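Structure assessment
The lines below spell out each chain.
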Amino acid sequence: MAEETLSNLLQEERTFAPSPEFAAQANGTQELYDQAAADREGFWADQARKYLTWDTDFTEVLDWSEAPVAKWFGGGTLNASVNCLDRHVEAGNGDRVALHFVGEPGDTKDFTYAELHEQVQRAANVLSGLGVVPGDRVAIYLPMIPEAVVAMLACARLGAPHSVVFGGFSADALRSRIADGEAKVVITADGGYRRGKPSALKPAVDDAVSGETTVEHVLVIKRTDSEVDWHEGRDLWWHEQLEAAEPEHIPESFDSEHPLFILYTSGTTGKPKGILHTTAGYLAQCAYTSHVVHDVHPESDVYWCTADIGWVTGHSYIVYGPMALGATQVMYEGTPDTPHQGRWWEIIADKKVSVFYTAPTAIRACMKWGEEFPNAHDLSSLRLLGSVGEPINPEAWMWYRRVIGGDRTPIVDTWWQTETGAIMASPLPGVTATRPGACQLAVPGIDLDVVDEAGNSVPDGSGGYLVARSPWPGMLRGIWGDLERYKETYWSRYKGLYFAGDGAKKDEDGNVWVLGRVDDVMNVSGHRLSTTEIESALVSHPKVAEAAVVGATDAMTGQAVVAFVILRSEALHEADEEGEGGELVTELRNHVAREIGPIAKPRQILVVAELPKTRSGKIMRRLLRDVAEKREVGDVTTLADSSVMDLIKEGLAT
Ligand code: WTA
């Protein structure tokens, strides 16, 4: 019976083999799998030498003697910013566009590698003039503007770990991250453009560094030209400082394991974890995966990752991976629906984007808005699409491929985490026949498995927990200031295995399907059901645009399935005409029963206008569970829009 409930996703048998033309030009090849399988460490040594420029070659590939804290490429020295800038300029590619910046109000500006190189050198001189030395932490709180990249690479150049805090976080969140990392300098802006108007950032910084603080200086970038409060002696205008600084900066060489950055991510407890990444292993895995998974050809592609620089995807796949390769990319400041719901597609057509990397939640939003928006633009420049951040429902995957990819482009569904640093599981687009909804395979060099409660590898066709069996170069080196929490969170559940916190399944062909966080797994009458599985079933119904499923406590069955759905606009009218949409709800419940089995039939389906999401786009099921269990709704401070919960409650009351 339990096995039956696994069927919906595991029955997904559509596959899409790469076209011979794509395969012929692809960077990723079958040989990579063979080489990595024959000698994993040797394989990584080859990648580190292939993708990075070393000042001193390394003498040891992996030192695991202090497990679970790994040391990769011991004895080697390098500078991450030199790898992202100087060497491209030296190789004669200084005139290549690094960033096609598109501001939300419509302003655009291109930056070549030579221009960014100069900016970064000036910024490094400014920071060192402010007393920043290797090892000091610098907090970065910025909108999606080119200066964010400059600031990060200037820190990397100085060996001063950056701690980027997402610009949508509150002053309190910023304060606690600054305090935990003991940052010496904050780099911010007066504001950025968000949904058609300037949105201030500086006041949050003023608030966050008021009172007792480790912060000595605040560098302020002028973006919106808004009024700002000024604290003489502490605050400095970025443009004035850069202009006055020397244009050249001689980089220092750092040990492979020199800290590169801290990035905070939420854990199961309230206190965010400062995930620590170091230089060489991280950079090598970012560059390698940009090359073989995103298939970036730096001389010809225009690449666009829609993530914000405040998340790990922005770190690894806007800054470090693509820039280590010397790629040309689009950087966009705003939201996909400002000033209209075709904005992304307009940018793709305009800049001739060829490789596009985004998140399932965005894809589902676009499905909701309708095909007419992408259809109005020429998307024929696209040759590869990527997805990251959560499981992608097979129907969203199919829509992405058909509507955005013109039924032509491979899709890489990439599984990884802030902690893993870079992509861990994904098809290789020129090699793997892709399957909608599955990240499928560990990338060459990565050793993943799905295990049962006891830590034993599960057979194909079964489910369990996703783990890594061997260390990998981009892995976190710890939680800032809390080694014990690092060991406890990731290494205590299974001896010698990295526990990712995700549930996963292997299908009959050995493909891995990530089902979501294990805390999102429900237990209904003793049967394990995945929220994702039921969400996928709902989204596969033609009238549903987006769905979130939670397990609500139920006296009879332990937990019961409660679904919140957003209807596609065509279906909304129908629901309105029916009053509460009763017939539609029955139709959807039956649909789920048909797709997965009667056990998965939601006890309740609530039609809503919006779902509560964090600023990184993750659905906050915890809040929906509160609604489903008719409890007082818990803490909503991490929601992108905290009024969403009021709307949902109001909608249910009427
Ligand atoms: C989820 C984002 C399914 C997963 C890079 C993971 C995914 C968490 C996928 C990490 C995917 C990410 N398929 N689930 N392709 N990618 N996840 O740290 O639950 O923001 O543990 O890193 O997102 O989120 P994080």
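Under an unreviewed UniProt entry, the name given to the chain is Acetyl-coenzyme A synthetase, and the organism recorded is Ornithinimicrobium ciconiae. Recorded in UniProt under Sequence similarities (unreviewed entry), the annotation for the chain is "Belongs to the ATP-dependent AMP-binding enzyme family." If you open the UniProt record of the chain and go to Cofactor (unreviewed entry), you find "Mg(2+)".

The next thing to look at is the site of the ligand. Surrounding the ligand, one finds 16 residues, the nearest of these being Asp413, Thr414, Thr418, Asp502 and Arg517. Measuring from a nitrogen atom of the ligand, one finds a side-chain N or O atom of Asp413 at 2.7 Å. In the environment of the ligand, an oxygen atom lies 2.6 Å from a nitrogen or oxygen atom belonging to the side chain of Asp502. In the complex, 90% of the free accessible area of the ligand, which totals 520 Å², lies under the protein chains. Breaking the shell around the ligand down by element, the ones donating at least two residues are α13 (312-325), β20 (411-414) and β25 (512-517).

Quick look at the packing of helix α8 (residues 146-158) against α13 now. Contact geometry for α8 and α13: axes closest at 11 Å, N-to-C directions at 60°. With respect to each other, α8 and α13 are oriented oblique. Relative to α13, the crossing made by α8 is right-handed. Listed contacts from α13 to Val149, Met152, Leu153 and Ala156 of α8 are His315, Val319, Tyr320 and Met323.

Attention now goes to a negative patch on the surface. Residues Asp39, Glu41, Asp46 and Glu60 make up a contiguous surface patch of negative charge. Here Glu60 is to be found in strand β1 (residues 60-63).

This part takes up the pattern of salt bridges. If you walk through the whole model with that rule in mind, you get 38 salt bridges. Here Asp206 makes a salt bridge to Lys202, at a shortest N to O gap of 2.8 Å. Taken together, the residues Asp206 and Lys202, both in helix α10 (residues 202-208) and four residues apart, mark about one turn of the helix. Judged by relative accessible area, which is 1%, Lys202 ranks as buried. Here Arg234 makes a salt bridge to Asp206, at a shortest N to O gap of 2.9 Å. Here Arg234 is found in the loop between β11 (217-221) and β12 (235-237), whereas its partner Asp206 is found in helix α10, with 28 residues between them in sequence. A residue is classified by how much of its surface remains accessible, and Arg234, at 13% relative accessible area, is buried. What makes Asp206 buried here is its relative accessible area of 11%.

This part is about the UniProt feature "modified residue: N6-acetyllysine" (unreviewed entry) in the chain. Here, the residues flagged by UniProt with the feature "modified residue: N6-acetyllysine" (unreviewed entry) are Lys618. Relative to the elements of secondary structure, Lys618 occurs in the loop between β30 (604-607) and α22 (621-628). Overall, Lys618 belongs to the partly exposed group, its relative accessible area being 45%. Residue contacts for Lys618: discarding those within four places in its chain leaves Gly389, Pro612 and Lys613.

Rules used throughout
- Each chain has its residues counted from 1, running along the sequence as written.
- In keeping with the predicted nature of the model, local features appear solely for residues at pLDDT of at least 70, side-chain atom pairs appear and are counted solely at 80 or more, and the whole-chain, interface and lining totals rest on all residues.
- Hydrogens and water are ignored here; the side-chain numbers use all heavy atoms of the structure.
- UniProt positions are given in the numbering used here, feature names are shortened, and annotations may be inferred rather than shown by experiment.
- We call a residue near a molecule or strand as soon as one heavy atom of that residue lies within 4 Å of the molecule or strand.
- Polar contact criterion, stated in full: a pair of N or O atoms within 3.5 Å, where within protein one must be able to donate a hydrogen and the other to accept it, and residues adjacent in sequence count only if both atoms are side-chain atoms.
- Per-residue and other accessible areas were derived by the Shrake-Rupley procedure at a 1.4 Å probe size, with only the shown protein chains allowed to occlude residues.
- A helix here means a DSSP run of H or I that spans at least four residues, while a strand means a run of E at least two residues long, and both kinds are numbered starting from the N terminus.
- Axis definition: a line fit to C-alpha positions, over the contact stretch in the case of helices; interaxial angles, taken between N-to-C directions, run 0 to 180 degrees.
- Each angle gets one of four labels, with under 35 degrees taken as roughly parallel, over 145 as roughly antiparallel, 65 to 115 as roughly perpendicular, and the rest as oblique.
- The hand of a helix crossing depends on one turn: near helix anticlockwise from the far one by less than a right angle means left-handed, and clockwise means right-handed.
- Contacts between residues were defined by any pair of non-hydrogen atoms, one from each residue, lying within 4.5 Å.
- For patches, a residue must show more than 30% relative accessible area and have no salt bridge; joins then use 9 Å for like charges and 5 Å for nonpolar side chains, namely Val, Leu, Ile, Met, Phe, Trp and Tyr.
- Any Lys or Arg side-chain nitrogen found within 4 Å of a carboxyl oxygen on Asp or Glu counts as a salt bridge.
- Note that His is not counted, nor are the chain ends; the positive residues are Lys and Arg, and the negative ones are Asp and Glu.
- Here the site of a charge means NZ on Lys, CZ on Arg, CG on Asp, or CD on Glu.
- The rule is simple: take the accessible area with a 1.4 Å probe, protein chains only, and divide by the maximum for that residue type; under 20% is buried, over 50% is exposed, in between is partly exposed.

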